[in-house]
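A look at the structure
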Amino acid sequence: MNDTRQIYTAYERFWHWFQATIIGFLLFTGGVMHWPTLLGDRAFEVSVPLHKTFGLILIANALFGLLHHLVSGAIRHYLLGPPADYFSQAVAQARYYVSGIFRGAPHPFERNPQARLNPLQKLTYLIILNVLLPLQIGTGIAMMLVQGRSWADLPDWLDRGILTGAHLFGSWLFLVFVLLHVYLTTTGETVFGHLRAMLTGREHPSRTGVGATGTVSTITEEGP
Amino acid sequence: MKFLFLLALTWGLEVLPSQGLHPAVRLLDAAGVAVHVTGEPLSPERTCGTCHDVVFIKAHNNHKRLVLGWADARNAVLTRSGELELDCLLCHLQAPDVFSRADTIEAGQLGWAATATLAHTGLVERSLVGWAWKGNRFSPSGEVPAEILGLGPPRDGHCGACHGRTVHAKEEVRPHFDRPGDTLSAASGAVFSGQQLRHGGYNLVGRETLTRPWDVHAERQVGCVACHLSPNNPARRLTKRTGEDANHLLFDPRGLTPGQYLLRPSHEFSLENPRSLRRCQDCHDPMLRHSWLPYKALHFSKLACETCHIPKSYHPARSEVDRTVLTNHFGSPRVELRGVQWDLRRSAVSPVEGFEPILIERADPDGQHRLHPNNLVTTWHWEGSQPAGEPSLDDLRKVYFDGQDFRRQVLDLFDRQGDGTLRVEELTLDTDQRRDWVQGELEGLGNRGLQLVGTVEARHVSHGVIGGSWALRSCLECHTENGRPGRAMRLTHVSSPLGRLELTNGLREKGEIVISEGEAWFEPRRLSPAMLGNGAWAWLDRYGVGLLGFALAAVAMHGGLRWTGHRRRRKGL
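About the criteria used
- Residues numbered from 1 in each chain as written.
- Chains lettered and ligands numbered in written order.
- Predicted model: local features only at pLDDT ≥ 70, side-chain atom pairs only at ≥ 80, totals over all residues.
- Core = buried A, V, L, I, M, F, W, Y, C linked by C-beta atoms within 7 Å.
- Buried ≥ 20, exposed ≤ 12 C-beta atoms within 10 Å, placed from the backbone.
- Helix = DSSP H or I, 4+ residues; strand = E, 2+ residues; numbered from the N terminus.
- Contact = placed C-beta atoms within 7 Å.
- Pairing = 2+ DSSP bridges.
- Nonpolar A, V, L, I, M, F, W, Y, C, P; charged D, E, K, R; others polar.
- Axes fitted to C-alpha atoms, helices over the stretch in contact; angles between N-to-C directions.
- Parallel < 35°, antiparallel > 145°, perpendicular 65-115°, else oblique.
- Left-handed = near helix turned anticlockwise from the far one by under 90°.
- Arc of directions from axis to C-beta.
- pLDDT = per-residue confidence, 0-100.

**Some details on the nonpolar core**
Residues and elements named next belong to chain B. The biggest cluster of nonpolar side chains holds 35 residues, and the ones touching the most others in it are V191, F192, W214, I358, L376, V456 and F522. Looking at this core, the elements with two or more residues in it are α11 (183-188), β4 (191-193), β9 (358-363), β10 (369-385), β14 (451-460) and β15 (489-493). With near-sequence residues (within four places) excluded, W214 lies in contact with V173, V191, F192, S193, Q195, L197 and G464. Among the nonpolar cores identified, the runner-up in size contains 29 residues, and L93, L118, F138 and I148 belong to it.

Encoded structure:
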């Protein structure tokens, strides 16, 4: 253990796995609600209140995460940096994923506790945290209010159909994101290297060097 | 002590007069003279008008228009004598003889119609010229004792005489489709009875398990007048005022005294009048029940109570009425029923399956559009331009009948089995030859511009209410791609008869007619895409599955290339 260093704090790891569990439940219960005949009447009946409850928990956890990143300064991991530098770095990272990784080339960026995200991870999280998650939370809350009749009359352009469609669209994107996220956790030096780091919080310095890490998955696990 | 009290109470109830409080009545003729003296027909208006304000009642009575209009239609082609009066006895006599009354009207003896209603009382008997009064049933002062007439408020049987099947718990619900006045039952399958379905005279499929009553309100002694009430009845009036000037009042203490009401009782039982119709919410608060239902307010804003509480009609109802043909010389049209396997008119043991009402959106008095259960009835008729409208029943009789028998040409044209008789199913204009022949005959009688049209109308299903586990509770009844809200209802064969099918105004914007495998169906408009599970977003799902598949393929390819590269490096290639 002496030759390892801390990448994720205990709270960040707890936050990640808790959020992952909630997203899994949301996708599952949402699927049951969207295809009610999938598991039958009882599953549908139970899924409706559960989905709402999990949604509220996710919102709370997201807010706690935001607060943590603001207070601890960890939000710096998500900032893209100067555009010129960022563009060239993103191209280098993309080239690694489409060719270098197959040849065993070194990773273009070293991961360390001060800079955990590679340029493509930063961009991904910029979209996830600023577009997709707000879309899901916003449409979810709006549907809850409409269904609970708190908003009796919606404007014409924002009827429940549009809310449902947008929420469903976001769900499909989240499902695709989860698939890619899980796959990219395997792009470390070993297949389970990144997974181990997210479980223990520690990583060997030599394994975080160039060519050994810096995959999208590592940062994805950190989450918002 | 408690036992003695209950005994006294029970005894007290038993000795209460069953005929109510109405005093003895002097029956008067149109001139205001006692009928047993003059022998003239009874005048309900003069008789009842002695104590009740008949002018007011006639001015506040939508039944008057309906009853008199029906009678006019029934004897339009017959010889008429006398005038038909509004018959108070029809609804207020304990045992009105509706059949004798109908026969008298059909015979054109309109003036005797009200007298015929008394046939069961023994006060009158048929005579050569009409009806004769039996003087020995009258008291020495010329009055009829109250117990003979049994006058009082209408009971379920009175309403059922015209509107549909209302059956006392001790009777057996039996199929009687040829009896007159089955309108509500025939149109919507309504049966108002507290009897359990398994005990009826129907050959209901799975009847041994049908332990529910025909209607839960009837079972619990809530009669017709509890909901279809006189707007100014102080005992039953709705406590909340609906007028714009006083809609803030939860209770209006101003009202008629019983005496004032009996003098001038309103008879406006219009379904459109919110003060004469007690709706579900006037007695029940759905928000206090249905604890299992999520988003109660949303569900109740989209669904009428009847949608879940009348999940099925176990009484067959009309699906088609074909007025282009006559099945007998009385002028009866060909009628097709839904919810029954064979023809109930020919076989009382025909298995009855009942039918599931179609859900159609309509505006409620509160302005909210909700789904309501309906039966769809297609009425085939000729539509002419000269004279405008439908050819008269008399013209149709001339086309099909020679006296009481079918014309020779009709037998030749319609008798497919060649047995010399015509069965109901043979009587349909399903070929060009039959349609053109009938059209030609009608044109020969002066009808011009004839077109054979089938109009589809929705008949609201509002009786046959049930609660508890018999009501719909399963979410999947609605929240599936083929859920109830979007489920179609069969209308007719497309070629039987050969005509143009069209929706009535109320239905046109609610859905469309679709043709499938030679049958016409009404398909309701798809509801909001926000409704879970209704398949409205199937197209988005297709894109989603495509995107997920693409991602999976990309992952598989990327992973495969990584694995291949790893193996090559290990081998030092």
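**Some points on unusual backbone geometry**
All names here are of chain B. Look at Q221: it is not a glycine, yet its phi comes out positive at around 65°. The residue Q221 is located in the loop between α12 (216-219) and α13 (224-227) in this model. In the Ramachandran plot, H290 falls in the positive-phi region, its phi being about 55° despite a non-glycine side chain. Position of H290 relative to the elements: it lies in the loop between α15 (280-283) and α16 (296-302).

**Quick notes on the pairing of strand β17 (residues 511-516) of chain B**
Successive side chains on a regular strand alternate, one facing one side of the sheet and the next facing the other. Residues and elements named next belong to chain B. Taken together, the 6 bridges between β17 and strand β18 (residues 519-524) define a ladder with antiparallel strand orientation. Counterpart to S516 in the pairing with β18 is E519. With antiparallel pairing between neighbouring strands as the criterion, β17 and β18 make up a hairpin whose turn holds 2 residues, including E517 at a positive phi of roughly 50°.

**Looking at the interface of chain B and chain A**
Residue-level contacts link 28 residues of chain B with 30 residues of chain A. For the side of chain B that touches chain A, the secondary-structure elements that each account for two or more residues are α16 and α22 (538-570) of chain B. Among the residues forming the side of chain B that touches chain A, the class breakdown is 17 nonpolar, 9 polar and 2 charged.

**Looking at the packing of helix α1 (residues 10-34) of chain A against helix α2 (residues 41-72) of chain A**
Residues and elements named next belong to chain A. Axis separation between α1 and α2 bottoms out at 8 Å; the angle between their running directions is 150°. Looking at the two axes, α1 sits roughly antiparallel to α2. In this structure, α1 meets α2 at a crossing whose hand is left-handed. Classifying every residue of the contact of α1 with α2 by side-chain character gives 15 nonpolar, 9 polar and no charged.

**Comments concerning helix α7 (residues 98-106) of chain B**
In an α-helix, one full turn covers 3.6 residues, which means residues spaced three or four apart are oriented alike. Residues and elements named next belong to chain B. Among all positions in α7, only V98, S100, R101, T104 and I105 are buried. In an axial view of α7, the angular spread of the buried residues amounts to 165°, which keeps them on one side of the axis. Of the residues one or two after α7, G108 is the one with positive phi, at around 85°.

**Examining the sheet that holds β17(B)**
Residue and element names in this part refer to chain B. What the 3 strands build is an open sheet, ordered β15-β18-β17; its pairing is antiparallel. Strands at the two margins of the open sheet, each flanked by one partner only, are β15 and β17. Averaged over all pairs of adjacent strands, the angle between their axes in this sheet comes to 30°, without regard to strand direction.

**Some remarks on the confidence of the model for chain A**
When pLDDT is averaged along chain A, the result is 83, and 84% of the positions lie at 70 or above. In the model, residues 206-224 of chain A has pLDDT below 50 throughout and makes 73 contacts with residues more than four positions away in sequence or in other chains.

**Quick word on the packing of helix α3 (residues 83-103) of chain A against α22(B)**
Interaxial distance between α3(A) and α22(B) falls to 7 Å at its minimum, and their mutual angle equals 30°. Between α3(A) and α22(B), the angle is such that the two are roughly parallel. Residue-level inspection shows A:I101, A:F102 and A:R103 of α3(A) in contact with α22(B), the latter providing B:L561, B:R562 and B:G565. Of the residues contributing to the contact of α3(A) with α22(B), the split by class is 3 nonpolar, 1 polar and 2 charged.

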